[in-house]
Amino acid sequence: MNNRVVSEKPQAVYFYGTCLIDLFYPQAGISAIELLRREGVSVIYPQSQTCCGQPAWNSGYRDEALAVARAQLALFPQPIPLVIPSASCAGMMKMHYPALFRDQSDEATALNVAGRVYELTAFLVDVLDIRLIDLGDPISVVVHTSCSARRELGVGDKLHTLLRQLHNVAILEPENSAECCGFGGTFAVKQPEISAAMALEKAAAVRATDAQRLVSQDCGCLMNIGGVMEKQDQVMPGRHIAELLWERTKN
Amino acid sequence: MNDARKSILDRLRLAQCSDSAFVKCDDQNDPVDPVLGPDERIDSFIDRMRAVRTEVHDAPHDSWLDILHGVCQARSLSNLLVSPHTRRGAMIYAAARRFPALKDYSQTIEDWKPELFAAVDAAVTSAYGGIAETGTVILWPDAHEPRAMSLVPPIHIVLLEKSRIYNSLTEAMQIQNWTLTGMPSNVILVSGPSKSADIEQTMTYGVHGPKELIVILV
Amino acid sequence: MSTEFRSNVAHALKRDAVQTHLKTVVDRLRAHRQGALGNDAAFERLRNRCEAIRADAIRRLPDLLQQFESKAQRNGIQVHWAETTLQANQIVLDIMQRHRATFLVKGKSMVSEEMGVNTFLQSHGIGCLETDLGEFIVQLAGEKPAHIIVPAIHKNRREVAHLIHRHFPGLPYSEDIETLAQSVRHFMRDKFRSAPVGLTGVNFMVAETGTLCLVENEGNGRMCSTLPPVHIAVTGIEKVIARLEDLPPLLNLLTRSATGQPVTAYVNMINSPRRPGDKDGPDEVHLILLDNGRSRIAGDPELLETLHCIRCGACINHCPVYRQIGGHAYGTVIPGPIGAILEPQKQGLDAAAGELPQASTLCGACAEVCPVRIPIPAIINRLRWESVRKNRQSQNSRPVVPGAGSGRKSLEALIWKIWAWCCTHPRMYNRMTKLATRLRNRLPADMGAWTAVRKAPKPAQSTLHERLRKMDIDHE
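Residues numbered from 1 in each chain as written. Chains lettered and ligands numbered in written order. Predicted model: local features only at pLDDT ≥ 70, side-chain atom pairs only at ≥ 80, totals over all residues. Heavy atoms only, no water.

1. Description of the overall build of chain A
- Along chain A, the regular secondary structure elements total 13 helices and eight strands.
- The C-alpha radius of gyration computed for chain A amounts to 18 Å, which stays within 12% of the reference 18 Å derived for 251 residues, consistent with globular compactness.
- Here the C-alpha coordinates of chain A stretch approximately 50 × 45 × 30 Å along the principal axes.
- Burial status across chain A gives 66% buried among its 251 residues.
- Look at the contacts in chain A between residues 6 or more apart in sequence, and 80% of them connect residues 24 or more apart.
- A total of about 8,700 Å² of accessible surface is found on chain A, and carbon and sulfur atoms cover 50% of it.
- Put simply, chain A has 22 plus and 27 minus side-chain charges, and the middle of one group is 3 Å from the middle of the other. (Helix = DSSP H or I, 4+ residues; strand = E, 2+ residues; numbered from the N terminus. Rg over C-alpha atoms; globule rule 2.2 N^0.38 Å. Buried < 20%, exposed > 50% of the residue type's maximum accessible area, 1.4 Å probe, protein only. Contact = heavy atoms within 4.5 Å. Areas by Shrake-Rupley, 256 points an atom, 1.4 Å probe, with all protein chains shown as cover. Lys, Arg positive; Asp, Glu negative; His and termini not counted. Charge placed at Lys NZ, Arg CZ, Asp CG, Glu CD.)

2. Quick look at helix 16 (residues 336–347) of chain C
All names here are of chain C.
- With twelve residues, helix 16 should reach 16 Å at 1.5 Å per residue; the first-to-last C-alpha distance of 16 Å fits that figure.
- Counting buried residues along helix 16, eleven of its twelve residues qualify, which places the element largely inside the surrounding structure.
- Buried within helix 16 are the following residues: Gly 336, Pro 337, Ile 338, Gly 339, Ala 340, Ile 341, Leu 342, Glu 343, Pro 344, Gln 345 and Lys 346.
- Backbone geometry just downstream of helix 16 places Gly 348 in the positive-phi region, at approximately 105°. (Expected span 1.5 Å × (residues − 1).)

3. Some thoughts on the interface of chain C and chain B
- Taken together, the 96 residues of chain C in the interface contact 77 residues of chain B.
- Summed over both partners, the interface of chain C with chain B buries about 7,800 Å², with 57% contributed by carbon and sulfur atoms.
- Inspection of the chain C/chain B interface yields six salt bridges.
- Summed over the shared surface of chain C and chain B, the number is 50 residue pairs in polar contact (both at pLDDT 80 or more).
- In terms of residue count, the dominant contributor to the side of chain C that touches chain B is helix 10 (residues 177–194) of chain C (eleven residues).
- Across the side of chain C that touches chain B, the residue classes tally to 42 nonpolar, 26 polar and 28 charged. (Buried area = accessible area lost by both parts, 1.4 Å probe. Salt bridge = Lys/Arg side-chain N within 4 Å of Asp/Glu carboxyl O. Polar contact = N/O pair within 3.5 Å; in protein donor to acceptor, adjacent residues only side chain to side chain. Nonpolar A, V, L, I, M, F, W, Y, C, P; charged D, E, K, R; others polar.)

4. Some words on the sheet that holds strand 10 (residues 284–290) of chain C
All names here are of chain C.
- Pairing within the open sheet is parallel, and its six strands lie in the order 1-10-7-4-2-3. Of all strands in the sheet, those with a lone pairing partner are strand 1 (78–82) and strand 3 (127–130), marking the two edges. Ignoring which end each strand starts from, the neighbouring axes of this sheet average 25° apart.
- Pairing geometry for strand 2 (residues 103–106) and strand 4 (residues 197–200), over three bridges, is parallel. Paired with Lys 106 across the strands is Leu 199, a residue of strand 4.
- Helix 4 (residues 61–74) contacts strand 1 and strand 10 of the sheet and is inclined by roughly 145° relative to strand 1. (Pairing = 2+ DSSP bridges. Axes fitted to C-alpha atoms, helices over the stretch in contact; angles between N-to-C directions.)

5. Considering the packing of aromatic side chains
- Scanning the model with the defined rule gives 16 aromatic pairs over all chains in all.
- Aromatic pair Tyr 118 of chain A and Phe 123 of chain A: ring centres 5.2 Å apart, planes at 70°, arrangement edge-to-face. Phe 123 of chain A shares its class with Tyr 118 of chain A; the two are buried.
- Their ring planes at 75° and their centres at 5.1 Å tell us that Tyr 105 of chain B and Trp 112 of chain B sit as a pair that is edge-to-face. The same class applies to Tyr 105 of chain B and to Trp 112 of chain B, which are both buried.
- The residue whose ring lies beneath Arg 454 of chain C is Trp 450 of chain C, and the NZ or CZ to ring-centre distance is 4.1 Å. (Phe/Tyr/Trp six-rings, centres within 6.5 Å; stacked < 30°, edge-to-face > 60°. Lys NZ or Arg CZ within 6 Å of the ring centre and 35° of its normal.)

6. Some words on the interface of chain A and chain C
- Each side of the interface is counted separately: chain A has 71 residues, and chain C has 68 residues.
- Together, the buried faces of chain A and chain C total about 6,000 Å²; carbon and sulfur atoms form 60% of this surface.
- Counting the contacts that link chain A with chain C gives eight salt bridges.
- The partner of Glu 179 of chain A in a salt bridge is Arg 323 of chain C, with the nearest N and O atoms 3.8 Å apart.
- At the boundary of chain A with chain C, the tally comes to 26 residue pairs in polar contact (both at pLDDT 80 or more).
- Tallying contributions element by element places helix 11 (residues 192–207) of chain A first for the side of chain A that touches chain C, with ten residues.
- Broken down by class, the residue content of the side of chain A that touches chain C amounts to 37 nonpolar, 21 polar and 13 charged.

7. Side note on unusual backbone geometry
- The residue Asp 103 of chain A is not glycine, and still its phi comes out positive at about 65°.
- Checked against the element boundaries, Asp 103 of chain A lands in the loop between helix 5 (87–100) and helix 6 (107–115).
- Look at Arg 373 of chain C: it is not a glycine, yet its phi comes out positive at around 55°.
- The topology assignment puts Arg 373 of chain C in the loop between helix 17 (365–369) and helix 18 (376–388).

8. Examining the domain arrangement of chain A
All names here are of chain A.
- As far as domains go, chain A holds domain 1 (12–127) and domain 2 (139–249).
- With 30 residues of domain 1 in contact, the opposing surface of domain 2 contributes 24 residues.
- Across the domain 1 to domain 2 interface the summed buried area is about 2,200 Å²; carbon plus sulfur atoms make up 70%.
- It is Tyr 25, Ala 87 and Thr 121 in domain 1 that bury the most area against domain 2; as a group they hold 22% of the surface buried on that side.
- At the junction of domain 1 and domain 2, the tally comes to one salt bridge.
- Among the salt bridges present, the one from Asp 126 reaches Lys 158, with a minimum N-O distance of 3.2 Å.
- Within the residue set of the side of domain 1 that touches domain 2, elements represented by two or more residues are helix 1 (19–23), helix 2 (26–38), helix 3 (54–59), helix 5 and helix 7 (120–127).
- For the side of domain 1 that touches domain 2, the element with the highest residue contribution is helix 5, accounting for eight residues.
- Residue composition of the side of domain 1 that touches domain 2, grouped by class: 17 nonpolar, eight polar and five charged. (Domains from an automatic or database assignment.)

9. A closer look at a nonpolar patch on the surface
- On the surface, a nonpolar cluster with roughly 400 Å² of combined accessible area is contributed by Leu 411, Leu 414, Ile 415 and Ile 418 of chain C.
- Structurally, Leu 411 of chain C can be placed in helix 19 (residues 410–423). (Patch = residues over 30% accessible without salt bridge, like charges linked within 9 Å, V, L, I, M, F, W, Y side chains within 5 Å.)

10. Some remarks on the sheet that holds strand 5 (residues 139–144) of chain A
All names here are of chain A.
- Across the sheet, four strands lie side by side as 6-5-7-8; this open sheet has parallel pairing. Each edge of the open sheet is held by one strand with a lone partner, namely strand 6 (169–172) and strand 8 (238–240). For this sheet, the mean inter-axis angle between neighbouring strands, taken without regard to orientation, is 35°.
- As paired strands, strand 7 (residues 213–216) and strand 8 are joined by three bridges and run parallel to one another. Residue Ser 216 lies in a different strand from strand 8, and its bridge partner there is His 240.
- Contacts between helix 12 (residues 219–231) and the sheet are confined to strand 5, strand 7 and strand 8, with strand 7 contributing the most and set at about 155° to the helix.

11. Quick word on the packing of helix 9 (residues 157–167) of chain C against helix 10 of chain C
All names here are of chain C.
- The interhelical angle for the contact between helix 9 and helix 10, taken along N-to-C directions, is 35°, at an axis separation of 11 Å. Read as a crossing pair, helix 9 and helix 10 show a hand that is left-handed. Two secondary-structure elements touch here, helix 9 through Arg 157, Val 160, Ala 161 and Ile 164 and helix 10 through Ile 177, Leu 180 and Val 184.
- Classifying every residue of the contact of helix 9 with helix 10 by side-chain character gives six nonpolar, no polar and one charged. (Left-handed = near helix turned anticlockwise from the far one by under 90°.)

12. Section: the nonpolar core
- One finds Trp 178 of chain B together with Leu 65, Leu 212, Met 269 and Ile 325 of chain C to be the most contacted residues of the largest nonpolar core, which totals 114 residues.
- Residues within four places of Trp 178 of chain B in sequence aside, it is in contact with Tyr 128, Ile 138, Trp 140, Leu 169, Ala 172, Met 173, Met 183, Val 187 and Leu 189 of chain B together with Leu 244 and Met 269 of chain C. (Core = buried A, V, L, I, M, F, W, Y, C linked by side-chain atoms within 4.5 Å.)

Below is the structure:
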């Protein structure tokens, strides 16, 4: 699915790091920015960004979600794309802001921002048409496509499109690859038993591939699946796709 | 329960005032159903019916009586429930010597339920039509060929005229004009013998209805 | 914290063998559907068409119900309306008593499960025999269906064999599925022959012709609606469709979505009771139209899509949560994603089913496979909001979901308030995240449920905000 809204390569983009990457996976954010800059796109990172509001939105706390989302809206005044290294957060802004801001005074602004949102891999493939040269040693990676990328945004294939450009990377799929890993944000807290059962099964499927790395476009999934494997002393480092791409293509 | 009726309808009418989501579909008149030529229709019908475990005989010329005879012999049927009042039924009765004992559903079900359940080996009915897309026979029960004929006996044999095989159910409904000419008490679409996958999603046949469905194309 | 649902789940997850069996069958159902989709574009066109048919039917529900009623009555079908399941049960009981009937044979019907008609009639000395193979197994086991299409999905053939053997000790023990099915066939034949009343559900009611349409494979539904002198059909008011020509696409989509079959063995179209000259068929056909909350759901422009459902079960088969916990854990008549949105709306968010909207990761698999494209995740989101919303009065005088606001807990609400305050005050947010990175080695390793199977995530050495401040990029 090609969902680009800009007709040519933009000179600058906003970068929305997401709270999870901010606190737990900053290297993924840095890598994503480096990839963008290498393509000649300058990156604007509004320092006042916090969270897209998704956790509250998915938990039914719409007032709180709205307040937090509203605080983000003001950060992207220029008519340039907004790139997000997470399908989950991009999905929140692109697909749910319109509902969250319905009948609000700033609905138009919200729709405007939502229309400019790109998930990182979709932006790299569809807008930048990025060409990658693999400089790394041979490696096998198992891919976990997040549900938001696969079903909400329909950009699940971009991760593969990017990885296929890396000639030394063997791509593996876990069994039952389309099944959710069981993270689900606050779901993991509210229904921990089900979440645990799903995470254990996903981790087992991932591990069964014997890959050297686990790759995803969403850090929530990585934290969930990786957390299980760590607890079981399984060594399979999880990498955000941006991190892997940058690691293997930088000079 | 007129009160219930009124309050349900009142609530629904009130609800209608709200601006409900309405999906407009432009595909409404798109030809979703495949359109096949007469021979392709027959081929598709046969393939589909066989895929759902139906024995299909494509009777050349006027050999359907021979085929029916063969079907009865192969199963050593001791009797056959068939109406003498249909055109082909009359032909079977005319050749009665070639067939097992012929029975007619001449009384109401109450008068012979035990026999119908215990002592009928197979029933022959006509079909009102066939559907190529799904491999289906359309049954249009009437006074001569009542509903239970295609349901209670363990073997159901259907005589279907090739010219009445339609592309799809939609086409059959339209060409046969079901809404205007009116339907009988019960219309049955049959695609194969009775079956169930209720245990372990494993298919087994002949659960409550006929164990075998045999279609003879005439 | 332990709710009824949570303890059901804990129980379900402990039963390894059942869980393994369930997953095998669910995966099989998924594969069957996948194999039956055929041409993508044609399938999507079919979905478009069916989505429009259902949306149109629900939009015109009162008109279509009245049209259906007058057609059906003209055909001789007796139409009854019930606001509640109790009323519906009472109507069934009245019919039974009028005919001095002491038992009935039942075809598979989720609305009859919703009514709890078996228990109700039993308390009045009337027996109900489930005749669908799966339903019969569940009835023998004294359980409830674990799935709307495959009621005994949770039982493997050995369990079924033991059940049959226990109830029919005269039969030789067998684990062969065909033998088991034939034993049931043999037992049921007598019942079909002698039953005074048959009760079934309905898949679609056609307003244009007054037709009741039943879809099945086994033939028991035909038996129940053909052989006994009285046929009672029970259904929800939402099952109506406008025209006969709406039926073929819906049948096509229903069977393929449900079990991956291109067609079911039988499509049973009932137009009337026995007419003069007919030699069989019931003398009386009764249809009971059950509301039980549906007309209230129809009043909300977002929630009414719940009523578009054609009960194919595809969302259940594709739900990762259902796949783990099975149907019984939901504690409702209808499990899975559709149950998680329908049952709380019917029973109220303050009932046990009120927790079901939490039983979802919002992964979207249900919406992806729903043949009529019900936006289940969006409705789950809406119900989560309804559950914790402050103002219990509805806006725009829409009917509120019963029990709205009952899930609001002051501690949780406070946490979200603090969270929102932090996230709307970037300086505070940055101070908190920075603090977390500095304490990364001193954070508790035990984070409750999360760390039961996972290691606690460790904050990075410094945040992205901090690192980027050192890079030469524009920060606006």
